[in-house]
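# Structural features, examined
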Amino acid sequence: MITVASLAPYLGGALALGGIAVAASRRRELLIRWCAWAVGVPLVTGAFWWGRPGAAAVAVVVGVIAAMEFGGLMRLGVWDRVVLAAAVAGVVLAAWLAPGQELRAAAIGALAIAAVPLLAGDGDQGLRRLGAGLLGLVWLSVLAALVPLGASALALFMAVSVADIVAYFTGRGLGGPRLSPLSPAKRWTGTLSGAAAGLGVLALLSALSWPTAVAVAVGGPAGDLLESMIKRGARAKDAGRWLPGSGGLLDRIDSLLIALAVLLVLR
């Protein structure tokens, strides 16, 4: 059984090796990104060490921030964003406090999201606001899976993160056919290499199974492309500008979100 204690040495080792590599590269943007990881990883790991309450706290914070960033991309109003963030947080809290009631919480959230444009009488943009809000609810509510998965979610996150990094550098180095017009910089060579690296991480962490393998190899790249599609529609490069070296939080968890969704379906 995977535990946070068993993952902690690997997380620390990955941060140390990453720091050495970044220092050797002498690239300022990579150093800034590594510093953000050096702060965030211990905080998240400590929260998951606390158990389900800690995982729920992480999921709520991440969900609220991601909902606000998503609302910005979709040009939603303040109340649309607030209600979406509350709906996502409600699904996460249901996973912690009332397991099995997540769908009911999501349904209540969907009704609340629909009520905002309805009560405003928005006949021009109401349908767009409703569609965007429901998409955000479905997409971000999978963060509730962090609560029951616990340490397994951390292992999945490590695998997806390594896959993303390897895919980025390998794709740039080897070139080859593009993965999708949605993201011209991504190549099939990088995607396949990243998937292999991600599966290797799962094996190293004793977390390799056919559902986790599919989640990393298929769900990770799909999540990246989904956010690329949303950002292209919004004509935005990043979901935010506040996270050093990374843009927004949604830019860092896009692959994890669909990987979690795939894992939930296959389990």
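Scroll up for the structure.
Quantities reported herein were computed from a predicted structural model and do not represent experimental measurements.

## Observations regarding the overall build of the chain
Check the secondary structure of the chain and you find eleven helices and zero strands. Secondary structure of the chain in N-to-C order comes out as α-α-α-α-α-α-α-α-α-α-α. Taken over the C-alpha trace, the chain has a radius of gyration of 18 Å; the compact-globule value for 267 residues is 18 Å, and the two agree within 12%. When the backbone C-alpha atoms are referred to their principal axes, the chain occupies close to 55 × 40 × 30 Å. Burial statistics for the chain: of 267 residues in total, 45% are counted as buried. Considering only intrachain contacts with a sequence separation of at least 6, the fraction spanning at least 24 residues in the chain is 70%. Just so you have it, the chain exposes about 13300 Å², and 70% of that area is on carbon and sulfur atoms. If you average the places of the 21 positive and of the 12 negative side-chain charges in the chain, the two averages end up 6 Å apart.

## Looking at the packing of helix H5 (residues 102-120) against helix H6 (residues 126-140)
The axes of two packed helices give the description: the angle between them and the distance between them. At their nearest, the axes of H5 and H6 sit 9 Å apart, and the two run at 160° to each other. As summarised for this structure, H5 and H6 are arranged roughly antiparallel, according to the angle between their axes. Relative to H6, the crossing made by H5 is right-handed. Across the interface between the two elements, Ala 106, Gly 109, Ala 110, Ile 113, Ala 114, Val 116, Pro 117 and Ala 120 of H5 pack against Gly 126, Arg 129, Leu 130, Gly 133, Leu 134 and Leu 137 of H6. Tallied by class, the residues present in the contact of H5 with H6 amount to ten nonpolar, three polar and one charged.

## Considerations on helix H1 (residues 4-25)
The end-to-end C-alpha distance of H1 is 31 Å, a good match for the 32 Å that 22 residues give at a rise of 1.5 Å each. Among all positions in H1, only Val 4, Leu 7, Leu 11, Leu 15, Gly 19 and Val 22 are buried. The buried residues of H1 occupy one face: seen down the axis, they fall within an arc of 115°. Those residues of H1 that are exposed and aimed more than 90 degrees away from the buried face are Pro 9, Leu 17, Ile 20 and Ala 24. Along its buried surface, H1 packs onto helix H2 (28-49) and helix H8 (151-174). Taken from the residues just after H1, Arg 26 is the one with a positive phi, measuring 60°.

## What about empty space enclosed by the protein?
Considering all chains together, one arrives at one cavity of 30 Å³ or more under this definition. Empty space within the largest cavity amounts to approximately 30 Å³. Lining of the largest cavity is provided by Leu 76, Asp 80, Val 83, Leu 84, Ile 113, Arg 129 and Gly 133. Counting only elements with at least two residues in the lining of the largest cavity, the list comes to helix H4 (78-97) and H6. No other element matches H4, which puts three residues into the lining of the largest cavity.

## Here we look at the packing of aromatic side chains
Applying the stated rule across the entire model yields three aromatic pairs. Ring geometry for Tyr 168 versus Phe 169: centroids 5.0 Å apart, planes at 80°, classification edge-to-face. Look at Tyr 168 and you get partly exposed, because its relative accessible area is 42%.

## What to know about helix H11 (residues 249-266)
Every α-helix winds through 3.6 residues per turn, so residues three or four apart in the chain are directed the same way. The first and last C-alpha atoms of H11 sit 26 Å apart over 18 residues, in line with the 26 Å expected at 1.5 Å per residue. At Ser 255, H11 is bent by approximately 35°, the largest bend along its length. Among the 18 residues in H11, 13 count as buried, and that is most of the element.

## Structural notes on the nonpolar core
Residues Phe 48, Trp 139, Leu 140, Leu 156, Leu 250 and Leu 257 are the most contacted members of the largest nonpolar core, which totals 68 residues. Per-element accounting of this core gives the leading share, ten residues, to H11. Those residues in contact with Leu 250 that sit more than four places away from it in its chain are Ala 66, Glu 69, Phe 70, Leu 73, Trp 139, Leu 140, Glu 227, Ala 239 and Leu 257.

## As for the environment of Ser 161
Of note, Ser 161 is situated in helix H8. Residue Ser 161 is classed as buried on the basis of its relative accessible area, which comes to 15%. Sequence separation of Ser 161 and Cys 35 is 126 residues, and the distance between their C-alpha atoms is 16 Å.

The rules behind each value
Here, residues in each chain are numbered from 1, in the same order as that chain's written sequence. Residue-level local features of this predicted model are given only where pLDDT is at least 70; pairs of side-chain atoms are given and counted only at 80 or more, and the full residue set underlies all totals for whole chains, interfaces and linings. Neither water nor hydrogens contribute to the side-chain values; these are computed over all heavy atoms in the structure. A run of H or I in DSSP counts as a helix once it spans at least four residues, and a run of E counts as a strand once it spans at least two, with each numbered from the N terminus. Only C-alpha atoms enter the radius of gyration; for comparison, a globular chain is expected to reach 2.2 Å times N to the power 0.38, where N is the number of residues. Only protein chains enter the accessibility calculation, which uses a 1.4 Å probe; a residue is then buried when its area is under 20% of its type maximum, exposed when over 50%, and partly exposed in between. A contact between two residues is defined here by any heavy atoms of the two lying within 4.5 Å. With residues, only the protein chains shown are counted as cover, and all accessible areas are computed by Shrake-Rupley using a 1.4 Å probe. When charges are counted, Lys and Arg contribute as positive and Asp and Glu as negative, whereas His and the chain ends are disregarded. In this description, the location of a charge corresponds to atom NZ of lysine, CZ of arginine, CG of aspartate or CD of glutamate. To get an axis, a line is fitted to the C-alpha atoms, and for a helix only the part in contact is used. The angle between two axes follows their N-to-C directions and goes from 0 to 180 degrees. Note on terminology: angles under 35 degrees are roughly parallel, angles over 145 are roughly antiparallel, angles of 65 to 115 are roughly perpendicular, and the others are oblique. Take the far helix as your reference; a near helix turned counterclockwise from it by less than a right angle gives a left-handed crossing, and one turned clockwise gives a right-handed crossing. Residue polarity follows a fixed list, in which Ala, Val, Leu, Ile, Met, Phe, Trp, Tyr, Cys and Pro are nonpolar, Asp, Glu, Lys and Arg are charged, and the others, Gly among them, are polar. How far a helix is expected to stretch is found by multiplying one less than its residue total by 1.5 Å. It is the directions from the helix axis to the C-beta atoms that the arc portrays. A 1.4 Å probe that fits but cannot get out identifies a cavity on a 1 Å grid over protein atoms alone, an open set with protein on both sides within 12 Å along at least five of seven lines counts as a pocket, and a residue lines either if it has an atom within 4 Å of a point. Grid points are joined across faces, edges and corners, and a volume is the space filled by probe spheres set on the points. Here a Phe, Tyr or Trp ring, Trp counted by its six-membered ring, pairs with any other such ring whose centre lies within 6.5 Å, and the pair is stacked when the planes are under 30 degrees apart, edge-to-face when over 60, and tilted otherwise. Across the chain, bend at a residue is computed as the angle between axes fitted to the seven residues ending at that point and the seven starting from it. For the purposes of this section, nonpolar cores are sets of buried Ala, Val, Leu, Ile, Met, Phe, Trp, Tyr and Cys residues that join through side-chain atoms within 4.5 Å.

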